[in-house]
Every structure is written in C-alpha cells, then in structure tokens.
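Survey of secondary and tertiary structure
Now for the letters of each chain:
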Amino acid sequence: MSETASTLARLKALYDCEIPAGEPWIHEVRRGQHLRIVDVHGNQAADTLFYNALDYGERYSAQNTIREQANIYVTTGTRLMSSRGNALLTIVADTCGRHDTLGGACATESNMVRYAIQKRYMHACRQSFLKAILEWGHGLEKRDIDHNINFFMNVPVTREGGLTFEDGVSASGKYVEMRAEMDVLAVISNCPQLNNPCNAYNPTPVRVLIWDPMD
Ligand SMILES: [Zn+2]
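If you're wondering where the values come from, they're calculated on a predicted model, not measured in any experiment.

Attention now goes to the coordination of the zinc ion. Summarising the metal site, the zinc ion is bound by the protein donors Cys-106 (SG), Cys-125 (SG) and Cys-191 (SG), whose distances to it range over 2.2 to 2.3 Å. Read N to C, the donor residues that coordinate the zinc ion are spaced as C-x18-C-x65-C. Of the two residues, Cys-125 sits in helix H3 (residues 125-136) while Cys-191 sits in the loop between strand E10 (184-190) and strand E11 (206-211), which places them 66 residues apart along the sequence.

Written out as structure tokens, the structure is:
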C-alpha cells in the first residue's frame, strides 16, 4: 500500500460538510471538481455510489474498474469506471492506501443472514442509499442501487480467493480524493453497521469537501 497526499487546502474548498454517523449524503460533483472524503475519527466505512449526473442509467461498475486496472483494490490512480466503460472519477490522492469494492453494502437482509434474525431492525447502508435517492428524486429508485465502493474499509482477499472483513487500515484524518471526469452524482452511506469491525463497532462522522477545478 502506498499513500499519496493532496496539495489542496481545506480553507479553499467551496463545499465542506460533515456527514453524521449512520447518515446518508447525496450531491453532484461537476467535471474537473475534486471530491475528498475524510475519515474523521478513523475506521469508518463510507459506502459510496456514483452515477453520470446527466444519465443515471450510467453508473459505477466495480467489475469494469477492477478489469481496467487489473487489481481488486481501489487507490491513487484508480479510474472509477462506469457500466458503459467511461471513467466517472480518478483517485488523485489517498492517505489511507487502499479501499474495497468487493464487499458490497450492508443490508437488513444480509445482517439477518450473517448475524442474527433480531438484527433485521438495525439500520443498514442500503436503507440509507434508498432514503438519499428517493429524497433526491429525478426518477432514481431501489433498482438503481448498484455496485458500491467501501472507502476506508479493509476487505483483504486470501490466497484462496476468500473475502475477509478485518479491522480498518484507516485512521483518524485519513482521506481519499478524486477528480470528477464527468458531471457525477455521488451518494454516500456513512455506514451504520454495528455487527462487524468495518466501523470499529462505533460509527463516527466522515467529512466531505469539494474544490473547483484547479488552473
Ligand atoms: Zn454499511
């Protein structure tokens, strides 16, 4: 894993918002703008979806992203590819070093299967995604919730190809920053999961900043 820092100053950001623990966030990012997500307290998964802001039928594809770079981890240099083979965003800085795009988002159904039937009433990322896109409107609905990236989440793959959830590789203040290659709609579920170590059993806020294109 390698770490790459950004040169952008926080004070020059045109948008700066804290997403409370367990809450969703939805916002457009224009082509050329930089989007930074900060793991404020450390070990907090930020489940994220991206769409072409002008055509929601084109959205993030984990499969195309993995094939394009021939690597399963997401980090600096990764082009986040769409379902139509276009780059949505490019990761330009990453002080965490690696992010997951295999594990998917937590859901009430998977919580029941993985943990216990009583867990079905616990809040989950898919509900946060649904809440965000329905409130956003413009025709987005449940069927549009597709592949996601789990920023700051550690899902190492074993030699045998198995997926494991482990304690985070992230820490307080780590961030990932990407440049939008087209106008995109970004949707984040600041993961409320309490049943595995993806949030260190204690969901905390993440911070989102946006800068205009650099000269
Ligand atoms: Zn989650």
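Moving on from the model shown.
Per the stated rule, a full pass over the model turns up 14 salt bridges. Linking Arg-207 and Glu-18 is a salt bridge whose minimum nitrogen-to-oxygen distance equals 3.3 Å. A residue pair is termed long-range when its members are at least 10 positions apart, and Arg-207 in strand E11 and Glu-18 in strand E1 (residues 15-19) qualify at 189 residues. Salt-bridge contacts for Arg-179 lead to Glu-181; the nearest nitrogen and oxygen are separated by 2.8 Å. Overall, Glu-181 belongs to the partly exposed group, its relative accessible area being 26%. Because the salt bridges share partners, they merge into one network encompassing Arg-10, Asp-16, Glu-18 and Arg-207.

Next up on the list: the environment of Tyr-60. Mapped onto the fold, Tyr-60 is located in the loop between strand E5 (55-59) and helix H1 (62-69). When its relative accessible area of 2% is taken as the criterion, Tyr-60 is described as buried. The spacing of Tyr-60 and Leu-209 is 149 residues in sequence and 20 Å in space, taken between C-alpha atoms. In this structure, Tyr-60 is in contact with Phe-50, Thr-65, Leu-80, Met-81, Ser-82, Leu-88, Thr-101, His-147, Asn-148 and Ile-149, ignoring residues within four places of it in sequence. Separated by 2.8 Å, the side chains of Tyr-60 and Thr-101 make a polar contact.

The next thing to look at is the nonpolar core. Ranked by size, the top nonpolar core spans 28 residues in total, and within it Leu-35, Ile-37, Phe-50, Leu-80, Phe-151 and Met-178 carry the most contacts. Residue contacts for Leu-35: discarding those within four places in its chain leaves Trp-25, Val-29, Phe-50, Val-176, Glu-177, Met-178, Ala-186, Val-208, Leu-209 and Ile-210. Membership of the second largest hydrophobic core comes to 11 residues, among which are Ile-26, Phe-129, Leu-185 and Val-187.

How each quantity is defined
Residues numbered from 1 in each chain as written. Predicted model: local features only at pLDDT ≥ 70, side-chain atom pairs only at ≥ 80, totals over all residues. Heavy atoms only, no water. Donors = N, O, S within 2.8 Å, 3.2 Å for Na, K, Ca; no water. Helix = DSSP H or I, 4+ residues; strand = E, 2+ residues; numbered from the N terminus. Salt bridge = Lys/Arg side-chain N within 4 Å of Asp/Glu carboxyl O. Buried < 20%, exposed > 50% of the residue type's maximum accessible area, 1.4 Å probe, protein only. Contact = heavy atoms within 4.5 Å. Polar contact = N/O pair within 3.5 Å; in protein donor to acceptor, adjacent residues only side chain to side chain. Core = buried A, V, L, I, M, F, W, Y, C linked by side-chain atoms within 4.5 Å.

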